Amino acid sequence: MPKRIFYGLSVLLLSAVQPVLAQQFEAPGSRLLATGGASTIEGSGGGGIVPWATLSSYADEGEWGATVQMTEVQVDDFSLSVQGASFNWNNRVEVSYARQQFDLETIGGELEQSIWGVKARLSGDLVYGVMPQVSAGIQHKSNQTFALPQAVGATDDSSMDYYVSAAKAWLAGPFSRTWVANVTLRNTEANQLGLLGFGGDKEDSREWVGEASVAVFLDRYWAVGVEYRQKPDLLSFAKEDDWKDIFVAYFPSKHVSVVGAYADLGSIAGLESQTGWYLSVQASF
Amino acid sequence: MKIWVSAALVLLGSMMSGAVQAQSSELYQQLGERSGIETIVEEMLLGVADDERIAHYFADVDILRLHKLISEQVCNVSGGPCEYTGDSMAVSHNNLGINNADFNALVEHLIAAMEQENVPVAAQNELLALLAPMHQDIVE
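As annotated in an unreviewed UniProt entry, chain B is Group 1 truncated hemoglobin from Idiomarina baltica.

Right under this line is the structure:
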């Protein structure tokens, strides 16, 4: 783990659990513990790789909230670092920003992009009522290292993803545990999130992909779950696979959440079966 | 012979109904029956009284009566031998202007009280699931 990441994660953790500092950010919002979820690698509130219909932080009606996050993913031949922040107004609108650095450890080089996201809750509530919470969002992605993506066939250095998500919690689901499920439909032309640019020589069109997450809370603080994310496959130089992970999430308080996962990212840039670890820390205000 | 069969049937019948009753009040037992529920509700209300987000709703409320009614209600929905004698949720919360954040604040105090009383997570979840539908009658 690079030194700056270790430092950043430590500061985040300390600031989130340190009681004196925490007091200055008393009452991070009225929504129930864990309903703020985690931060995705694209900045939006959600699971780890799938944006959820839930909005980040614990802000409820009449409140605002914010989060900062750091995420590290380490697979066989690549590593991804993400730093992000989000803002939630009234549990109605979420604005998020994330920076990604993708280190091509075996091939050599680094790819970078930044992502602005906006998500709006359209209807429903995650916990209450029969209907799921439904949200729609956009992610504007711009790749800052387009030379390599262009060389392998990408056509654009920036693009938008559009998505619709539905999420529902069952307070006493199977085994009398609380379960949460989320499905997301995304319209995209991003190659490997956009790190390899947008559009491609094999196919230069947008497509709809499906994403899903299921989690079960073992108690009030610990959850385990799985995520699946379909991906487009637009570049001819290398096949792009769907992503999946299994995760453990810990919500010791409303100030901080920690997610660890084992991720299977399939083939990336011609290097097969990339599997490895994912660690994300989020502080909520 | 006939007598034995009827006796067995009666015995079986009483065991079955006993089993059903035990099952329906398992949650009630896990909450600590009447005294456990009264303690949980008391702790919840103490938490509420200290919570500036929602304490003002309870400023002019007869807190002992409220404690009695909520305890009755929890006892009743959890399968205990209690009659709820208060008004419906819609009537008792009419025009109070309670929003989602207020409702969640109360739920938080209920959860904290159950954690404090070491109520098993499964029982916590079952009670929360039984109470959650009241959201639509309480929140405006």
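Here the narrative resumes.
Take the overall build of chain B next. The helix and strand tally for chain B stands at 8 helices and 0 strands. Helices (α) and strands (β) of chain B occur, in sequence order from the N terminus, as α-α-α-α-α-α-α-α. Within chain B, residue pairs in contact and separated by at least 24 positions form 72% of the contacts whose partners lie at least 6 positions apart. Surface accessibility of chain B: about 8,200 Å² in total, with carbon and sulfur atoms responsible for 58%.

Next up on the list: the nonpolar core. In terms of nonpolar packing, the biggest core is built from 75 residues, with Ile-41 and Phe-102 of chain A together with Leu-31 and Met-114 of chain B touching the most fellow members. Top contributing element to this core by residue count: helix 6 (residues 100-116) of chain B, with 6 residues. Residues in contact with Ile-41 of chain A, not counting those within four places in the same chain, are Gly-48, Ile-49, Thr-71, Val-73, Leu-80, Val-82, Ala-98, Gln-100, Leu-193, Trp-243 and Tyr-278 of chain A.

Taken together, the contact between chain A and chain B spans 19 residues of the former and 19 residues of the latter. Carbon and sulfur atoms supply 54% of the area buried between chain A and chain B, which totals about 1,700 Å² over both sides. Of all residues in chain A, the largest losses of buried area upon contact with chain B belong to Glu-61, Tyr-128 and Arg-220 of chain A, amounting jointly to 38% of the total for that side. On the surface where chain A and chain B come into contact, there are 1 salt bridge. The shortest N-O distance in the salt bridge between Lys-254 of chain A and Glu-108 of chain B comes to 2.3 Å. Between chain A and chain B we count 13 residue pairs in polar contact (both at pLDDT 80 or more) in total.

Together, Asp-156, Asp-157, Glu-203 and Asp-204 of chain A make up a negatively charged patch on the protein surface. Overall, the relative accessible area of 35% leaves Glu-203 of chain A in the partly exposed class.

This part takes up the pattern of salt bridges. All names here are of chain A. Summed over the entire model, instances satisfying the criterion amount to 17 salt bridges over all chains. Asp-161 is paired through a salt bridge with Lys-141; the nearest N and O atoms lie 2.9 Å apart. A residue pair is termed long-range when its members are at least 10 positions apart, and Asp-161 in strand 8 (residues 158-170) and Lys-141 in strand 7 (residues 133-143) qualify at 20 residues. Across this residue pair, the class does not change: Asp-161 and Lys-141 are buried. Via salt bridges that share partners, Glu-42, Lys-141, Asp-161, Arg-186, Glu-211 and Arg-229 belong to a single interconnected network.

Together, Trp-64, Phe-87, Trp-89, Val-95, Trp-116, Val-118, Ile-138 and Tyr-162 of chain A make up a nonpolar patch on the protein surface, roughly 810 Å² of accessible area in all. Mapped onto the nonpolar patch, the elements with two or more residues apiece are strand 4 (78-89) and strand 6 (110-123) of chain A.

Moving on, we come to the UniProt feature "binding site: heme" (unreviewed entry) in chain B. Residues and elements named next belong to chain B. With numbering aligned to this structure, UniProt lists the feature "binding site: heme" (unreviewed entry) at His-93. Checked against the element boundaries, His-93 lands in the loop between helix 5 (89-92) and helix 6. Exposure remark for His-93: the relative accessible area of 18% places this residue in the buried category. One polar contact links the side chain of His-93 to the main-chain carbonyl oxygen of Met-89, over a distance of 2.9 Å.

Before going further, it helps to examine the packing of aromatic side chains. Residues and elements named next belong to chain A. Within the structure shown, the criterion is met by 7 aromatic pairs over all chains. Geometrically, the ring pair formed by Phe-217 and Phe-251 is tilted, given 6.1 Å between the ring centres and 35° between the ring planes. Of this pair, Phe-217 sits in strand 10 (residues 207-217) while Phe-251 sits in strand 12 (residues 243-253); the two residues are 34 residues apart in sequence, bridging distant segments of the chain. With respect to class, Phe-217 is no different from Phe-251; both count as buried. Look at Tyr-262 and Trp-277: their rings are 5.4 Å apart centre to centre, the planes differ by 65°, and that puts the pair in the edge-to-face class. Separated by 15 residues along the polypeptide, Tyr-262 in strand 13 (residues 256-264) and Trp-277 in strand 14 (residues 275-284) bring together distant segments of the chain.

Now for the pairing of strand 10 of chain A. Residue and element names in this part refer to chain A. Across 11 bridges, strand 9 (residues 178-188) lies against strand 10 in antiparallel orientation. Pairing of Trp-179 across the sheet is with Val-216, part of strand 10. Inspection of the sheet shows strand 10 paired to strand 11 (residues 222-229) by 7 bridges, in the antiparallel sense. In the sheet register, Ala-215 faces strand 11, and the bridge partner there is Gly-225. Counted between consecutive antiparallel strands, the loop separating strand 10 from strand 11 contains 4 residues.

The subject of this paragraph is the sheet that holds strand 3 (residues 64-75) of chain A. All names here are of chain A. Spatial ordering of the closed barrel is given by 3-4-5-6-7-8-9-10-11-12-13-14, a layout of 12 strands whose pairing is antiparallel. For this sheet, the mean angle separating the axes of adjacent strands, direction not counted, is 20°. One ladder, built from 8 bridges, connects strand 11 with strand 12; its direction is antiparallel. Along strand 12, the bridge assignment pairs Glu-227 with Asp-245.

So, on to the state of the cysteines. Residues and elements named next belong to chain B. If you walk through the whole model with that rule in mind, you get 1 disulfide over all chains. In this model Cys-75 forms its disulfide with Cys-82; the gap between the sulfur atoms is 1.8 Å. For the disulfide bridge between Cys-75 and Cys-82, the dihedral angle about the S-S bond is near 70°, and by the sign convention the bridge is right-handed. Judged by relative accessible area, which is 2%, Cys-75 ranks as buried. By relative accessible area, which is 8% here, Cys-82 ends up buried.

Cut-off values and rules
- Here the residue index of a chain counts from 1 through its sequence in written order.
- Here every chain gets a letter starting at A, and every ligand a number starting at 1, in the order they are written.
- Local features in this predicted model are restricted to residues of pLDDT 70 or higher, and side-chain atom pairs are both shown and tallied only at a pLDDT of 80 or more, whereas totals for entire chains, interfaces and linings draw on every residue.
- Side-chain metrics in this entry use all non-hydrogen atoms of the structure; hydrogen atoms and water are not considered.
- In this description a helix means any DSSP run of H or I spanning at least four residues, a strand means any run of E spanning at least two, and both kinds are numbered starting from the N terminus.
- In what follows, residue pairs with any heavy atoms lying within 4.5 Å of each other are defined as contacts.
- Note on areas: Shrake-Rupley, 1.4 Å probe, and residue coverage restricted to the protein chains presented here.
- Residues belong to a common nonpolar core when they are buried Ala, Val, Leu, Ile, Met, Phe, Trp, Tyr or Cys residues joined through side-chain atoms within 4.5 Å.
- The rule is simple: take the accessible area with a 1.4 Å probe, protein chains only, and divide by the maximum for that residue type; under 20% is buried, over 50% is exposed, in between is partly exposed.
- Buried surface area refers to the total accessible area, computed with a probe of radius 1.4 Å, that the two partners give up upon joining, counted for both partners together.
- Put simply, a salt bridge is a Lys or Arg side-chain nitrogen that is within 4 Å of an Asp or Glu carboxyl oxygen.
- N or O atoms closer than or at 3.5 Å make up a polar contact, with two conditions inside protein: a donor-capable atom paired with an acceptor-capable one, and, for residues adjacent in sequence, both atoms drawn from side chains.
- Each patch groups residues whose relative accessible area exceeds 30% and which form no salt bridge, using 9 Å between like charges and 5 Å between nonpolar side chains of Val, Leu, Ile, Met, Phe, Trp and Tyr.
- Charge counting treats Lys and Arg as positive and Asp and Glu as negative, with His and both chain ends excluded.
- The atom standing in for a charge is NZ when the residue is Lys, CZ when it is Arg, CG when it is Asp and CD when it is Glu.
- UniProt positions are given in the numbering used here, feature names are shortened, and annotations may be inferred rather than shown by experiment.
- Any Phe, Tyr or Trp ring, taking Trp's six-membered ring, that has another such ring centre within 6.5 Å forms a pair; planes under 30 degrees apart are called stacked, those over 60 apart edge-to-face, and the others tilted.
- Two strands qualify as a pair provided that DSSP identifies no fewer than 2 bridges between them.
- Angles here are taken between N-to-C directions and fall from 0 to 180 degrees, while the axes themselves are lines fitted to C-alpha atoms, restricted in helices to the stretch in contact.
- When two cysteine sulfur atoms lie within 2.5 Å, the pair is treated as a disulfide.

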